[in-house]
Amino acid sequence: MSAALVVLLGAIAGCRGESGGTKQAAAEEMPAYGKYETPITLRIGFKIPESRLPAGDTNDNNPVSRYIESLTNIQVVHAWEAKSEDDFRQKVDFAIATGDLPDAMVVDRNQLKRLIENGKVEDLTETYQDYASSLVKAIIDSTQGLAIQDAMSDGKLYGVPNVAIEADAPSLLWVRKDWLDRLGLQPPKTLKDIGKIAQAFVERDPDNNGKRDTVGLTGSNEVIYGQKPLVGGFDTIFSAFHAFPKNWIKDRDGNVLYGSITPENKEALDVLADWYKRGWIDPQFVLYKETEKPILENRAGMFFGPWWMPYWPLSAAVAADTKAEWSAYAVPRDTQGVFVTHAAPVTDRYLVVRKGYPHPEAAIRLLNVFTRLERRQDPHAEEVRELDDYASQTGIQLRHYYPFDLLLEYSDAVEKRAYDVRRALDGKIDPGTFDADTRTVYDLALQEKENPKKNMDAWKTAHAYLDGGGALKEARMVKVRSLFYGTTPAMESKWDDLQKLENEAFLQIIVGDKPVSAFDDFVREWKSRGGDRITEEVTRIVNGGKP
């Protein structure tokens, strides 16, 4: 989950109250929200939150767990606990290897694949259909069937998927708008515009301090993130040339190719190498241990990043210099004036149930209950109020104590909220019609509009949605989705080395240690060191076979 959603959902935890329509809808979904007549036990794997519970509460016995158990009569027992994401993944791997599985747990794509191949998980096809709530189904259906398809094998559903927010995949260009205005420059649209602005930000003293100490475009030594971007990746420069590094695509003849080795990458590297040579790209970007350094120091004029950048690092940068004004743009556009970007996987985690567990529907009922709570549609107003008060008094985030780390959100939630909130601020629609999540964004955006930068929580949410989400909503955009996100047999031994080879080759070309022609050498080496074999395996999988 993105940092933005963590913050937003925390803010939403203060919203209260539901309509009678919600209560009626819940009553009509007794299979989904039904309570067992006699208690049943469900053993799970659990990731321990960093937060500390008050004395007397434990990870498996606290107000959240007790509330969920009161609604379901399901006693959730922690078969094991993990202290971090890595620890959790390792314990899941160990459980799969030994066959000692908890009754239910959340797994990643490769773990799901192994469980299916070994016949260790329940077929949830009918269970999901019969017991998943209309809310859970509606959220998962917002991917137009892609999430469900991703969790299926041979026509059977083996895991309930999470839903990735589509807005998390594109990387926007964030620009110091106050610097643009001071230098009399127009917002960028093309690569040429970005280069021109970068040059001006370096040479024309945009911060007006009499020193040549500003950076045009800063970046990350990761160069490319490939799926869900963070701060400073150059993914969008490559997309403008219709290059999609770290993604699997098809060429015009229908052949499956690894996106990092197509000729279009060479064009993008040529531009980046030229900009770096001219000093328009931060000369130090390769050396930063923290990519955000020049942004936090208010020396950078531009960088690429996802819609939620106002939550971090821009909130810290603006807090340090309240004169800073940042805007997001869906650029550069390609030669047809289109913003081209890669998409992220529609899902990357799956709720599975151990083969042979007698109550597979129990896991889905738990998911129904905490999803309804998280999405502020729980009809038990008094109990929810008590949970909200507990969260407010202790600083505990309720979601950290749900039995499964499988938060669900509509795939187009960010763009839709951005659009609706903007219209409400313009007086075109009534914010009283909003759901609780959108109303929270609206209230914070209104607060920011009336008192700019007085409350940084309001500033973060307003600018993330209205600038970041708004830029995505308004863009004429084409999304290219990778054909494959998993792991093949050859990848297990060769992929890390090939990724290192790729990153080093791209960096060396950009900073001028090697000429752009070295890209061709990289392609040959990539293919000979296992890339061709991996491509053959991916091709077989994409075409419906086994690697």
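Residues numbered from 1 in each chain as written. Predicted model: local features only at pLDDT ≥ 70, side-chain atom pairs only at ≥ 80, totals over all residues. Heavy atoms only, no water.

Draft legend 1. Representation of the sheet that holds strand S12 (residues 326-329) within the structure. One open sheet holds the 4 strands; their spatial order is S8-S11-S7-S12, and the pairing between them is mixed. Where the open sheet ends on each side, the last strands, each with one partner, are strand S8 (215-217) and S12. Across this sheet, the average inter-strand angle for adjacent strands is 25°, counted without regard to direction. As paired elements, S8 and strand S11 (residues 300-305) share 2 bridges and run parallel to each other. (Pairing = 2+ DSSP bridges. Helix = DSSP H or I, 4+ residues; strand = E, 2+ residues; numbered from the N terminus. Axes fitted to C-alpha atoms, helices over the stretch in contact; angles between N-to-C directions.)

Draft legend 2. Just helix H19 (residues 436-450), in detail. When the terminal C-alpha atoms of H19 are compared, their 21 Å separation across 15 residues agrees well with the 21 Å that a helix rising 1.5 Å per residue should span. With a side-chain oxygen positioned 3.1 Å from the backbone nitrogen of aspartate 437, the residue opening H19 is aspartate 435. (Expected span 1.5 Å × (residues − 1). Polar contact = N/O pair within 3.5 Å; in protein donor to acceptor, adjacent residues only side chain to side chain.)

Draft legend 3. How the structure looks around unusual backbone geometry. In this structure, proline 313 follows tryptophan 312 across a cis peptide bond, with omega equal to 10°. Cis rather than trans, the peptide bond between valine 331 and proline 332 has omega equal to 0°. For proline 332, the location among the structural elements is in the loop between S12 and strand S13 (339-342). Positive phi, normally seen in glycine, also occurs at arginine 376, with a value near 60°. Along the chain, the position of arginine 376 falls in the loop between helix H16 (360-374) and helix H17 (381-394).

Draft legend 4. Fine view of the nonpolar core. Ranked by internal contacts, the top residues of the largest apolar core, which has 68 residues, are Met105, Tyr128, Leu351 and Phe404. Within the second largest apolar cluster, 55 residues are counted, among which are Val175, Leu183, Val223 and Phe522. (Core = buried A, V, L, I, M, F, W, Y, C linked by side-chain atoms within 4.5 Å. Buried < 20%, exposed > 50% of the residue type's maximum accessible area, 1.4 Å probe, protein only.)

Draft legend 5. Structural context of the side chain of threonine 347. Structurally, threonine 347 is set in the loop between S13 and strand S14 (349-353). At 3.3 Å, the side chain of threonine 347 forms a polar contact with the backbone oxygen of arginine 349. With residues near it in sequence (within four places) discarded, threonine 347 still touches Arg109, Ala147, Asp150, Pro161, Asn162 and Ala164. (Contact = heavy atoms within 4.5 Å.)

Draft legend 6. Geometry of the packing of helix H5 (residues 85-98) against helix H6 (residues 109-117). Running from amino to carboxyl end, H5 crosses H6 at an angle of 10°, the nearest separation of the two axes being 11 Å. Comparing their axes, H6 and H5 come out roughly parallel. Two secondary-structure elements touch here, H5 through Arg89, Val92, Asp93 and Ile96 and H6 through Gln111, Arg114 and Leu115. A per-class count over the contact of H5 with H6 returns 3 nonpolar, 1 polar and 3 charged. (Parallel < 35°, antiparallel > 145°, perpendicular 65-115°, else oblique. Nonpolar A, V, L, I, M, F, W, Y, C, P; charged D, E, K, R; others polar.)

Draft legend 7. A look at the packing of aromatic side chains. All told, the structure shown has 16 aromatic pairs when counted by the stated rule. Seen in terms of ring centroids, phenylalanine 303 and tryptophan 326 are 5.5 Å apart; in terms of plane orientation they differ by 70°. Their pairing is edge-to-face. Of this pair, phenylalanine 303 sits in strand S11 while tryptophan 326 sits in strand S12, placing them 23 residues apart in sequence. Looking at tryptophan 326, the relative accessible area reads 3%, which means it is buried. Residues phenylalanine 434 and tyrosine 442 carry aromatic rings whose centres are separated by 6.1 Å and whose planes lie at 70° to one another, so their mutual orientation is edge-to-face. By the burial criterion, phenylalanine 434 is buried, and tyrosine 442 matches it. Members of the aromatic cluster, connected to one another through ring pairs, are Phe238, Phe506, Phe519 and Phe522. (Phe/Tyr/Trp six-rings, centres within 6.5 Å; stacked < 30°, edge-to-face > 60°.)

Draft legend 8. Geometry of the side chain of asparagine 247. In this structure, asparagine 247 sits in the loop between helix H12 (235-240) and strand S9 (248-250). Assessed through its relative accessible area of 1%, asparagine 247 is described here as buried. Dropping the residues within four chain positions of it, asparagine 247 is found in contact with Gly226, Leu257, Tyr258, Gly259, His342, Ala343, Ser482 and Tyr485.

Draft legend 9. Region of interest: the pattern of salt bridges. Within the structure shown, the criterion is met by 33 salt bridges. Two residues, lysine 293 and glutamate 297, come together in a salt bridge whose shortest N-O distance is 2.8 Å. According to the relative accessible area criterion, glutamate 297 is partly exposed, its value standing at 40%. Put simply, aspartate 437 and arginine 417 hold a salt bridge, and the shortest N to O gap is 3.1 Å. Taken as a pair, aspartate 437 in helix H19 and arginine 417 in helix H18 (residues 413-425) lie far apart in primary sequence, 20 residues in all. (Salt bridge = Lys/Arg side-chain N within 4 Å of Asp/Glu carboxyl O.)

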